[in-house]
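Working through the structure, step by step
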Amino acid sequence: MEHLGNARRLSPILHGTKPAASGLWIPLILMTLGMAAPAAGLTTSDRLAVISDQLGYYPCMDCHGDQATYTQPRILEEEHVEPLLYTDTEGVVHQVTFGERLAISQLIAEPKAWDLRSEMLAKVGLSIGIREYMEFNGLSEEDSVWVLTHGGGNIWCLNCHDIEDRNKLVKLNGEKLTFNQSQLLCGECHGPALHDWELGIHGKTTGYWNLAMDSGDVSIRKLCVECHNPHAPAFASMQALPPPVSRIPRRGVDAPETAAEDRENGGHGHE
Amino acid sequence: MSRKARFKEGSCGRRGFLKLLTVTAVGAMALPSESEAFDLDAFIQRHFKELDKEALAKTLRRLEEKYDHDYGRDDFKVRADGPQPGVHYAYALNLSKCIGCRRCVQACVEENNQHRGDPERGDRIDYIRVLEMEKGSLNVEKSEHFYDHEVPAEGKYYMPVQCHHCNDAPCVKACPVEATWQEPDGIVVVDYNWCIGCRYCAAACPYWARKFNWVKPRIPSEEINPDTHYLGNRPRYQGVMEKCTFCINRVRRGLNPACHDICPTGSRKFGNLLDENSVIRQIIATKRVFILKEEVGTDPSFYYFFD
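Just so you know, these numbers come straight off a predicted model, no measurement behind them.

What counts and what doesn't
Residues numbered from 1 in each chain as written. Chains lettered and ligands numbered in written order. Predicted model: local features only at pLDDT ≥ 70, side-chain atom pairs only at ≥ 80, totals over all residues. Heavy atoms only, no water. Buried < 20%, exposed > 50% of the residue type's maximum accessible area, 1.4 Å probe, protein only. Helix = DSSP H or I, 4+ residues; strand = E, 2+ residues; numbered from the N terminus. Contact = heavy atoms within 4.5 Å. Salt bridge = Lys/Arg side-chain N within 4 Å of Asp/Glu carboxyl O. Polar contact = N/O pair within 3.5 Å; in protein donor to acceptor, adjacent residues only side chain to side chain. Nonpolar A, V, L, I, M, F, W, Y, C, P; charged D, E, K, R; others polar. Pairing = 2+ DSSP bridges. Axes fitted to C-alpha atoms, helices over the stretch in contact; angles between N-to-C directions. Expected span 1.5 Å × (residues − 1). pLDDT = per-residue confidence, 0-100. Phe/Tyr/Trp six-rings, centres within 6.5 Å; stacked < 30°, edge-to-face > 60°.

**Quick word on helix α4 (residues 103-112) of chain B**
All names here are of chain B. Summarising burial for α4: seven of the ten residues are buried, a large majority. Within the sequence span of α4, burial applies to Cys104, Val105, Ala107, Cys108, Val109, Glu111 and Asn112. If you follow the buried residues of α4, they end up packed against β3 (129-134), α7 (248-251), α8 (258-262) and β11 (268-272). The first or second residue beyond α4 is Asn113, which carries a positive phi of 55°.

**Points about the interface of chain B and chain A**
Taken together, the contact pairs 67 residues of chain B with 46 residues of chain A. Where chain B packs against chain A, one counts one salt bridge. Salt-bridge contacts for Asp196 of chain A lead to Lys287 of chain B; the nearest nitrogen and oxygen are separated by 2.5 Å. At the junction of chain B and chain A, the tally comes to 19 residue pairs in polar contact (both at pLDDT 80 or more). Those elements that provide at least two residues to the side of chain B that touches chain A are α4, β4 (150-151), α6 (200-204), β8 (211-212), α8, β11 and α9 (279-286) of chain B. Top element by residues in the side of chain B that touches chain A is α4 of chain B. It accounts for five residues. Broken down by class, the residue content of the side of chain B that touches chain A amounts to 27 nonpolar, 15 polar and 25 charged. Taken together, the two bridges between strand β9 (residues 238-239) of chain A and β4 of chain B define a ladder with antiparallel strand orientation. Residue pairing in the sheet places Gln239 of chain A in a bridge with Glu150 of chain B of β4 of chain B.

**A short note on the sheet that holds strand β13 (residues 302-306) of chain B**
Residue and element names in this part refer to chain B. Ordered in space as β11-β2-β13-β12, the four strands form an open sheet in which the pairing is mixed. Edge positions in the sheet fall to β11 and β12 (288-290), since each of these pairs with one other strand and no more. Each adjacent strand pair in this sheet contributes to an overall mean axis angle of 30°, direction not counted.

**Considerations on helix α3 (residues 53-71) of chain B**
All names here are of chain B. The end-to-end C-alpha separation of α3 is 27 Å, in line with the 27 Å expected for 19 residues at 1.5 Å each. Every buried residue of α3 is accounted for by Ala55, Leu56, Thr59, Leu60, Arg62, Leu63, Glu64, Lys66, Tyr67, Asp68 and Tyr71. Gly72 lies just past α3 and shows a positive phi near 60°.

**With respect to the environment of Thr228 of chain B**
Residues and elements named next belong to chain B. Here Thr228 lies in strand β9 (residues 227-229). Classification of Thr228 as buried rests on a relative accessible area of 0%. Separated by 59 residues in sequence, Thr228 and Lys287 place their C-alpha atoms 35 Å apart. Polar contacts involving the side chain of Thr228 include one to the main-chain carbonyl oxygen of Lys77, which spans 2.7 Å.

**Considerations on the confidence of the model for chain B**
All names here are of chain B. Residues of chain B with pLDDT of at least 70 account for 86%, and the chain-wide mean is 87. Within chain B, the lowest mean pLDDT, 41, falls on helix α1 (residues 13-25), and the highest, 98, falls on strand β2 (residues 89-94). pLDDT under 50 marks residues 1-37. Its contacts with residues more than four places away, or in other chains, come to 62 contacts. Interface predicted TM-score (ipTM) for the complex: 0.83; the corresponding pTM is 0.80.

**Examining the packing of aromatic side chains**
Counting across every chain of the model gives 18 aromatic pairs over all chains. Ring centres of Phe246 of chain B and Phe270 of chain B lie 5.4 Å apart, and the angle between their planes is 75°; this geometry places the pair in the edge-to-face category. With Phe246 of chain B in the loop between β10 (241-242) and α7 and Phe270 of chain B in strand β11, this residue pair connects regions lying 24 residues apart in the sequence. Here the two residues Phe246 of chain B and Phe270 of chain B agree in accessibility, since each one is buried. Grouped by ring-pair contacts, the aromatic residues Trp209 of chain A together with Tyr89, Tyr91, Tyr157, Phe246, Phe270, Phe290, Phe302, Tyr304 and Phe306 of chain B constitute a single cluster.

**A word on the pairing of β2 of chain B**
All names here are of chain B. Most of β2 sits out of view: six of its six residues are buried. In the sheet, β2 pairs with β11 via five bridges, with the strands oriented antiparallel. Paired with Ala90 across the bridge in β11 is Gly271. Inspection of the sheet shows β2 paired to β13 by four bridges, in the parallel sense. Counterpart to Ala92 in the pairing with β13 is Tyr303.

What follows is the structure in structure tokens.
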């Protein structure tokens, strides 16, 4: 029924998190990973392996191990340029790269430049690279501060990714987190959301309402990053499934014999 | 001719009997042509609550065989899992998160074997109706449930409505034959073999939760969910009322309802109202919770909240 996809399995094993200060202790159900592995006996590194598997770029240190870090917010072009879908102000969908996406979010904050871009897009009728856009507008890289969609210009990659060990995320106090603890990172800035998530109110836990009846492999609590892209976290909109069609009774076949009969029965209760 | 004579199924116990009476009374000589052979077992079948263990087991087996035969399958399971002590089911829906995508409506139809209907006429039976509401307004009369566009729309919020499993249920009071009642764990159920199809309950329900089988439900064999419950999603007869049962076939085994698990936003919350650690109790303790149409005093087990 539910598409488990990259969803991550719950088990009663406590892992990583402490309930936020609420005075309320709930049996914290925490993520373990891997649909196939048995609940018990899963080590932290097993769980990490499953999440890391889902990251296209992991292990990060394969490249970042001997690579200098240039901390300036900018367009990333050499790597991390996986295509993203992006909808412009006219509702046209374009494919943009990760780097462009960051740049575009900046342009949205500058409506004038943004209008130019949509004008240009309309001209060529196609998605264009951010480089072309800049050339078109006679801009150089110094003219702009590139920001991340997330946080409206106030945060950059290295607020979340550890500068030395790229395989790790980093908390505000410098404490390193592995990729299977990303919710703790989010909680640094979104304390109430993390607290609600721990209580099961924000986000969702599929499978058993009664964990005592869980046979051990079906209850799953979704991680923050499964619903929110950490780099563009607004929850995506989607097409609604088709609406019900208002019922037009067919006389004598299978419907109320008269419309009056249907009305007498509460009318719209029976489409 | 009275409405009763339009029930075309012979094998559904009391209703078959009532039909027979009506038909006789108006002097019609033949049973409707589609009628199945008269099934004595079904005819004398007692009210669900009066079935003893042995009779129940026998009935369940008989039904499984019948459904396997009707739908050309070999995997029907008709459960009758009972309520658990200390459990009262409750549902809470986060109106700040729901985006109105109708994934719940679809999952419900698939789980509960509703009549699929004719896509053009749109007579599919849905237990969930998603209302598109004006932000800042709580007026359901002004809502729209035929919207068809990308969601969420600007300036709107969404309110899915389904059976509220009221503790003082007007539908239960309206039923002249006690074919519908509230179970000890709070689920309001219908005995399809006892329902006479008078539709009083539908008229009594303030939440548009009751749906009537005007036709014999049509469900392609490959779309059938064979995991059923006697008081829930087993195949229905023509001329009976049906409704949301919180997926009784699932929840009585500890699973969440189908609409809960499909929701991409995590707006839907389900649990045991009597367990103070349940998510429902956390919500009641920490969020602004309200009841739809509280003034009608039906004391629902279904809450809405904002956060």
